Structure formats: structure tokens, C-alpha cells
Amino acid sequence: MSFRKPISTLGGLKYWVNIEQNKFFIMQKHKTGLWPYKYRILMRENRMEIANSNDIIEIKYDWKYLDDNTVPQLNQRIDWLNVDVSNLVDIVLNSIKLKLPVGRK
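Source: prediction; values computed, not measured.

A. Just the overall build of the chain, in detail. The number of helices and strands found in the chain is 3 helices and 5 strands. Going through the 105 residues of the chain one by one, you find that 21% of them count as buried. Counting contacts in the chain only where the partners sit at least 6 residues apart, residues at least 24 apart contribute 35% of the total. With the model as given, the accessible surface of the chain reaches about 8,300 Å², and the carbon-plus-sulfur share is 58%.

B. Looking closely at the pattern of salt bridges. All told, the structure shown has 3 salt bridges when counted by the stated rule. With its nearest N and O atoms 4.0 Å apart, the salt bridge here joins K60 to E20. Taken as a pair, K60 in helix 2 (residues 56-69) and E20 in strand 2 (residues 16-21) lie far apart in primary sequence, 40 residues in all. With a relative accessible area of 29%, E20 lands in the partly exposed category.

C. Spatial organisation of unusual backbone geometry. In the Ramachandran plot, R47 falls in the positive-phi region, its phi being about 60° despite a non-glycine side chain. Considering the arrangement of structural elements, one finds R47 in the loop between strand 4 (39-43) and strand 5 (48-53).

D. Up close: the side chain of H30. Mapped onto the secondary structure, H30 falls in strand 3 (residues 25-30). Within the structure, H30 has its side chain in polar contact with the side chain of T32 (distance 3.2 Å). For H30, the residues in contact, after removing those within four places along its chain, are Y15, W16, W35, Y37 and K38.

E. Fine view of the environment of K14. Along the chain, the position of K14 falls in helix 1 (residues 12-15). Among the residues examined, K14 registers a relative accessible area of 62% and is labelled exposed. Remark: the alpha-carbon pair of K14 and H30, spanning 16 residues in sequence, is separated by 9.4 Å.

F. Quick look at the nonpolar core. Core analysis: the biggest nonpolar cluster contains 10 residues, these being F25, M27, Y39, I41, I50, A51, I59, W63, L66 and V71. Contributing elements (two or more residues each) for this core: strand 3, strand 4, strand 5 and helix 2. By residue number, the principal contributor to this core is helix 2, which donates 3 residues.

Criteria and cut-off values
- Residues numbered from 1 in each chain as written.
- Predicted model: local features only at pLDDT ≥ 70, side-chain atom pairs only at ≥ 80, totals over all residues.
- Heavy atoms only, no water.
- Helix = DSSP H or I, 4+ residues; strand = E, 2+ residues; numbered from the N terminus.
- Buried < 20%, exposed > 50% of the residue type's maximum accessible area, 1.4 Å probe, protein only.
- Contact = heavy atoms within 4.5 Å.
- Areas by Shrake-Rupley, 256 points an atom, 1.4 Å probe, with all protein chains shown as cover.
- Salt bridge = Lys/Arg side-chain N within 4 Å of Asp/Glu carboxyl O.
- Polar contact = N/O pair within 3.5 Å; in protein donor to acceptor, adjacent residues only side chain to side chain.
- Core = buried A, V, L, I, M, F, W, Y, C linked by side-chain atoms within 4.5 Å.

None of the figures reported here should be taken as evidence of function without further support.
Shown next, in the form of C-alpha cells:
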């Protein structure tokens, strides 16, 4: 599995058929086979291609990897959201005190 910078998707559904999709990704198969690869995975948000393969087993492996590792986990939060609100107020007040000019309190 090799990932690279996403590229724009040429052809759309004229040359590709959707074989699997979810909220974040679309897996497609090329209709004619006259393409360097048979399968690709697109990001739904911006239609950019993020993976491709000639082997259905490999593209399904990529699909599983993307689903397990790149989709945001709803039960996890980023660190700053886990900070207690009272501690957050103290942090903001301390940073404001540090920025006051010398001689002022």
C-alpha cells in the first residue's frame, strides 16, 4: 500500500463505477480497463484520489486501513478539549498577565 499526494479525479462516473462508499470515501472500479490501474479510492469531500491498485484484495486492504486509521473517532477528543474549564481560565489569565507592560499590574 503506497499513499501519495491526492490528485484530481479525471473521468468521473463516465469511466468509473462506484463499488463501495461510506461517509468519507468512495471506492471505484474502471469500466473499460484501459487505465493504468483498475481500482481507486477517492475522498468524498473533495473528490481527490488517495489510493489506487490493480488488485481488488490490495484496494480492499487500503479501504480497511483508511476506515480504521483515518476516519475521526467520535469517542476521542483532541487534547485541548479535555482541559478542565477552570484550568483553561487560569491559563488565559496567566498569559494576559505575562503580556502586560512592565510597571502595570
